[in-house]
Amino acid sequence: MPGATITGWGAALPETVLTNADLEARLDTSDAWIRERTGIRERRIGGTTIELAIQAGAQALKRADEGRYAVPDVDMLIVSTNTPDPPIPATAAYVQDALGLNCGVFDLNSGCSGFVYALVVANGLIATGMNRVLVIASDTVSRIVDPEDRSTAVLFGDGAGACVLEAKGDHLSDTLHESAGISGSAPPVLTSAESDLLGFDLGSDGSAAKFLYRDHGGYVVMDGQEVFRRAVRATITSARKALDRAGVVADDIALFVPHQANLRIMEAVGDRLSIPMERTMVTIDRMGNTSSASIPLALAEAADGGRIKPGDLVLMSGFGAGLTWASAVIRWG
Ligand code: UT7
């Protein structure tokens, strides 16, 4: 069974910065409250889910192809989003067209856990014979929060992150590939290898949907305290399961990349897992909560900033509307 590895990553953020001071000017809130209760200083807002997804996806594909084959092919495109622009067709259909891909596409909605869900699905598709899967998580929650509701309006930002997941093993060189008369798809994998997705846990408690939801045409409704409590519990349990299934312990983890919903949640989880903040990726101060894009955005920043190197173990863990949760331990490829 072919294993999978991450060969490219990308990120996209809108240019407009919304600071706590901007929010102070129009809401009954304060910079001090927002920073102390959430860890957020500013967030990026604007753009559409499709535009941001295209940018992040293009970047991930470019990086995956650097120094390798001139083969843009992807066998499947998965877009995780809770905030599609038009609800029909899938966001992934628009992104496919813009990126010039010739492949199957679908959207996945698992709340803020969506990126980890998509990564696990992509790993499964590669195990069944696909060569390359592009996973994008793109969300623009700032558009669906009530601008007058201080309990949600201060939390969310917009953005997209992406990863290319590729079959591991020795590929035929381009020349051999051509001389073998194969064209129009990525070079076939000759050998199988263990996947770099070492262990994962996916879960959901649909009875808790009432704590975080949005109706057609409405705004996001959230019971912040209840979601906070459940998020801490679910993330700890889920992360532990992923670590156990990967056969590793918290000390083996070079970097923890949690969903960026609240700095206090990250600190509480890290404390219980015995992963110090020095080994935890934090972007919430500059990006706010970007929903399912938060984990791949943080992962991309970690990779670009040299915080993870080949062979390092990374623990990702998210939770969100559903209420869903998802954790995965990967070896950085
Ligand atoms: O990614 C999706 C998952 N979402 C989450 O994980 C969010 C989880 N929840 C949270 O992050 C936190 O619950 C919040 C940041 C949403 C709220 O923080 P909190 O510490 O739980 O505050 P609270 O809801 O208990 O409210 C405390 C006080 C209240 O005032 P009173 O009743 O004590 O007078 C709120 O009305 O803070 C007030 N408050 C605010 N004050 C200033 C709520 N929002 C604000 C605000 N500025 N923006």
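Okay, so let's go over this structure. (Residues numbered from 1 in each chain as written. Predicted model: local features only at pLDDT ≥ 70, side-chain atom pairs only at ≥ 80, totals over all residues. Heavy atoms only, no water.)

This part covers the site of the ligand. Of all residues adjacent to the ligand, which total 23 residues, the nearest are Thr-29, Arg-37, Gln-225, Asn-262 and Asn-289. Contact between the ligand and Thr-29: a nitrogen atom at 2.6 Å from a side-chain N or O atom of the residue. Side-chain polar atom of His-259 to an oxygen atom of the ligand: 2.8 Å apart, as the coordinates give it. Protein chains bury 73% of the 950 Å² of accessible surface belonging to the ligand in isolation. Elements supplying a minimum of two residues to the shell around the ligand: α2 (31-38), α6 (150-153), α8 (224-246) and α9 (263-273). Broken down by element, the residue count for the shell around the ligand peaks at four residues, all from α8. The residue inventory of the shell around the ligand, partitioned by class, reads 11 nonpolar, eight polar and four charged. (Near = heavy atom within 4 Å. Polar contact = N/O pair within 3.5 Å; in protein donor to acceptor, adjacent residues only side chain to side chain. Areas by Shrake-Rupley, 256 points an atom, 1.4 Å probe, with all protein chains shown as cover. Helix = DSSP H or I, 4+ residues; strand = E, 2+ residues; numbered from the N terminus. Nonpolar A, V, L, I, M, F, W, Y, C, P; charged D, E, K, R; others polar.)

Under the counting rule described, the total for this entry stands at one aromatic pair. A centroid spacing of 5.3 Å and a plane angle of 55° characterise the contact between Trp-9 and Trp-332, whose relative ring orientation is tilted. Residue Trp-9 is located in strand β1 (residues 4-12), and its partner Trp-332 is located in the segment after β13 (324-331); the two are separated by 323 residues in the primary sequence. The exposure classification of Trp-9 matches that of Trp-332, with both residues buried. (Phe/Tyr/Trp six-rings, centres within 6.5 Å; stacked < 30°, edge-to-face > 60°. Buried < 20%, exposed > 50% of the residue type's maximum accessible area, 1.4 Å probe, protein only.)

Looking now at the packing of helix α3 (residues 49-65) against helix α4 (residues 91-99). Where α3 contacts α4, the two axes come as close as 9 Å, and the packing angle between them is 50°. With respect to each other, α3 and α4 are oriented oblique. The hand of the α3/α4 crossing is right-handed. Residues Thr-49, Ile-50, Ala-53, Ile-54, Gly-57, Ala-58 and Leu-61 of α3 form the contact with α4, whose own contacting residues are Thr-91, Tyr-94, Val-95, Ala-98 and Leu-99. Class assignment of the residues belonging to the contact of α3 with α4 gives a composition of nine nonpolar, three polar and no charged. (Axes fitted to C-alpha atoms, helices over the stretch in contact; angles between N-to-C directions. Parallel < 35°, antiparallel > 145°, perpendicular 65-115°, else oblique. Left-handed = near helix turned anticlockwise from the far one by under 90°. Contact = heavy atoms within 4.5 Å.)

Right, let's get into unusual backbone geometry. Looking along the chain, the bond that leaves Ile-88 and enters Pro-89 is cis, with omega of 0°. Omega for the peptide link from Gly-322 to Leu-323 comes to -10°, which places this bond in the cis form. Of note, Leu-323 is situated in the loop between β12 (313-320) and β13. Even without glycine at this site, Ser-291 takes up a positive phi of about 55°. Among the structural elements, Ser-291 can be located in the loop between α10 (284-287) and α11 (294-304). Taking relative accessible area as the criterion, Ser-291 reaches 3% and is therefore assigned buried.

Among the structural elements, Ser-327 can be located in strand β13. Polar side-chain contacts of Ser-327 include one of 2.6 Å to the side chain of Ser-317. The contact partners of Ser-327, leaving out residues within four places of it in the chain, are Val-116, Gly-199, Phe-200, Asp-201, Ser-238, Ala-239, Ala-242, Met-316 and Ser-317.

The next subject is the environment of Arg-132. Looking at the element boundaries, Arg-132 is found in strand β6 (residues 132-140). Overall, Arg-132 belongs to the buried group, its relative accessible area being 2%. The sequence separation of Arg-132 and Leu-77 amounts to 55 residues, and the corresponding C-alpha distance is 9.0 Å. Side-chain polar atoms of Arg-132 contact the side chain of Asp-65, separated by 2.5 Å. A distance of 3.1 Å separates polar atoms of two side chains, one belonging to Arg-132 and the other to Glu-166.

What the four strands build is an open sheet, ordered β8-β13-β12-β11; its pairing is mixed. Every interior strand has two partners, whereas the edge strands, β8 (197-204) and β11 (255-258), have only one. Across the sheet, the axes of successive neighbouring strands diverge by a mean angle of 10°, strand direction being ignored. Of the pairings in the sheet, the one linking β8 to β13 comprises seven bridges and is antiparallel in character. Each residue of the ladder has a partner; that of Ser-204, found in β13, is Thr-324. Its contacts with the sheet put helix α5 (residues 114-127) on β8, β12 and β13, and the angle it makes with β8 is roughly 125°. Sheet strands touched by α11: β11 and β12. Its angle to β11, the strand with the most contacts, is close to 150°. (Pairing = 2+ DSSP bridges.)

Bringing α11 into the picture now. Taking burial as the measure, the 11 residues of α11 include nine buried ones, the bulk of the element. The set of residues buried in α11 consists of Ser-294, Ile-295, Pro-296, Leu-297, Ala-298, Leu-299, Ala-300, Ala-302 and Ala-303.

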